[in-house]
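Coordinate analysis (summary)
For reference, the chains in residue letters:
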Amino acid sequence: MSTFANPINRESSASHRIHQNRENFSTIIPTHKNRDNFSTRIPRQRVFWLYLAMAENHGEAQKVRLLCFWESPFSQRVDIALSLKGIQYEKLPEDLPQKSPLLLASNPVYKKIPVLLHGHRAICESSIIIQYIDEAFDGHQNRLLPADAYGRATARFWADFVDKKVQESYGS
């Protein structure tokens, strides 16, 4: 059994597991059933090399990057939160009709922006990103959410309310 098959095995790092399974990476990717009910392997060599590059880039372990689109209110929300916290980051603008392999690998579920890349970790969805920023960069200036539980719950309520209104106006 390979180390990829057991997600609970934390003895080896992600880059070690990738190097260890480089030759048979395409056999590690989950299979799907075609209409004849035969299993078909999904080749993902491109995604493999992207992850390999991210895992080998140890010098930039704490680098913060934001996959965004300038017109998106959700990207703007994360942009403002990073600025308020005083966090230096790199903006990586996305072309939404032609999504980059980095976006597709970083947010494989929704394939949408914004995505915060903190070192080798990808965090998706603007409200979740803001909570992550507030918790992960606690030593930086300005708290984004109130310190008390009721205040945080109220802030999350209004953020969710605004999210739903914005999505309605975009026709999503």
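Preceding this paragraph is the structure being described.
Note that the coordinates shown come from a computational prediction; the quantities given were computed from them, not determined experimentally.

Within the open sheet, the four strands sit side by side as β4-β3-β5-β6. Their pairing is mixed. If you trace the sheet from one side to the other, it starts and ends with β4 (90-93) and β6 (121-124), each paired once. Taking the axes of each pair of neighbouring strands and ignoring which way they run, one obtains an average angle of 20° across the sheet. The pairing of strand β3 (residues 64-68) with β4 spans four bridges and is classified as parallel. Bridge assignment links L66 to a residue of β4, and that residue is K91. Packed on one face of the sheet, helix α4 (residues 73-85) meets β3, β4 and β5 (115-118) and runs near 160° to β3.

Mapping S169 onto the fold places it in helix α7 (residues 149-170). At 2.7 Å, the side chain of S169 and the backbone oxygen of V166 are in polar contact.

Together, F157, W158, F161 and V162 make up an exposed nonpolar region whose accessible area comes to about 420 Å². In this fold, W158 is placed in helix α7. Judged by relative accessible area, which is 48%, W158 ranks as partly exposed.

Scanning the model with the defined rule gives three aromatic pairs in all. Here W158 and F161 contribute two aromatic rings whose centre-to-centre distance is 5.5 Å and whose plane-to-plane angle is 80°, an arrangement assigned as edge-to-face. Placement of both W158 and F161 in helix α7 is noted, with a separation of three residues, approximately one turn of the helix. Of the residues examined, F161 reaches a relative accessible area of 38% and is grouped as partly exposed.

What follows is about the environment of R143. Mapped onto the secondary structure, R143 falls in the loop between α6 (126-136) and α7. Taking the C-alpha atoms as reference, R143 lies 7.2 Å from K85; in sequence the two are 58 residues apart. Excluding its chain neighbours within four sequence positions, the residues that come into contact with R143 are K85, D134 and D138. In terms of polar contacts, R143 uses its side chain to reach the backbone carbonyl oxygen of L145, at 3.2 Å.

This next bit is on α4. With 13 residues, α4 should reach 18 Å at 1.5 Å per residue; the first-to-last C-alpha distance of 18 Å fits that figure. Taken residue by residue, α4 has F74, S75, R77, V78, D79, A81, L82 and K85 as its buried positions. Among the structural elements, β3, β4, β5, α6 and α7 are those in contact with the buried residues of α4. Looking one or two places after α4, you find G86, whose phi comes out positive at around 75°.

Across all of its chains, the model carries eight salt bridges by this definition. A salt bridge links K63 to E90, with the shortest nitrogen-to-oxygen separation between them at 3.1 Å. Of this pair, K63 sits in the loop between α3 (45-56) and β3 while E90 sits in strand β4, and the two are 27 residues apart along the sequence. The exposure class of E90 is partly exposed, given its relative accessible area of 31%. Note that R77 and D163 form a salt bridge whose closest N and O atoms lie 2.4 Å from each other. Taken together, the residues R77 in helix α4 and D163 in helix α7 connect sequence positions 86 residues apart. Note on R77: relative accessible area 19%, which makes it buried. Given the relative accessible area of 12%, D163 is considered buried.

Criteria and thresholds
Residues numbered from 1 in each chain as written. Predicted model: local features only at pLDDT ≥ 70, side-chain atom pairs only at ≥ 80, totals over all residues. Heavy atoms only, no water. Pairing = 2+ DSSP bridges. Helix = DSSP H or I, 4+ residues; strand = E, 2+ residues; numbered from the N terminus. Axes fitted to C-alpha atoms, helices over the stretch in contact; angles between N-to-C directions. Contact = heavy atoms within 4.5 Å. Polar contact = N/O pair within 3.5 Å; in protein donor to acceptor, adjacent residues only side chain to side chain. Patch = residues over 30% accessible without salt bridge, like charges linked within 9 Å, V, L, I, M, F, W, Y side chains within 5 Å. Areas by Shrake-Rupley, 256 points an atom, 1.4 Å probe, with all protein chains shown as cover. Salt bridge = Lys/Arg side-chain N within 4 Å of Asp/Glu carboxyl O. Buried < 20%, exposed > 50% of the residue type's maximum accessible area, 1.4 Å probe, protein only. Phe/Tyr/Trp six-rings, centres within 6.5 Å; stacked < 30°, edge-to-face > 60°. Expected span 1.5 Å × (residues − 1).

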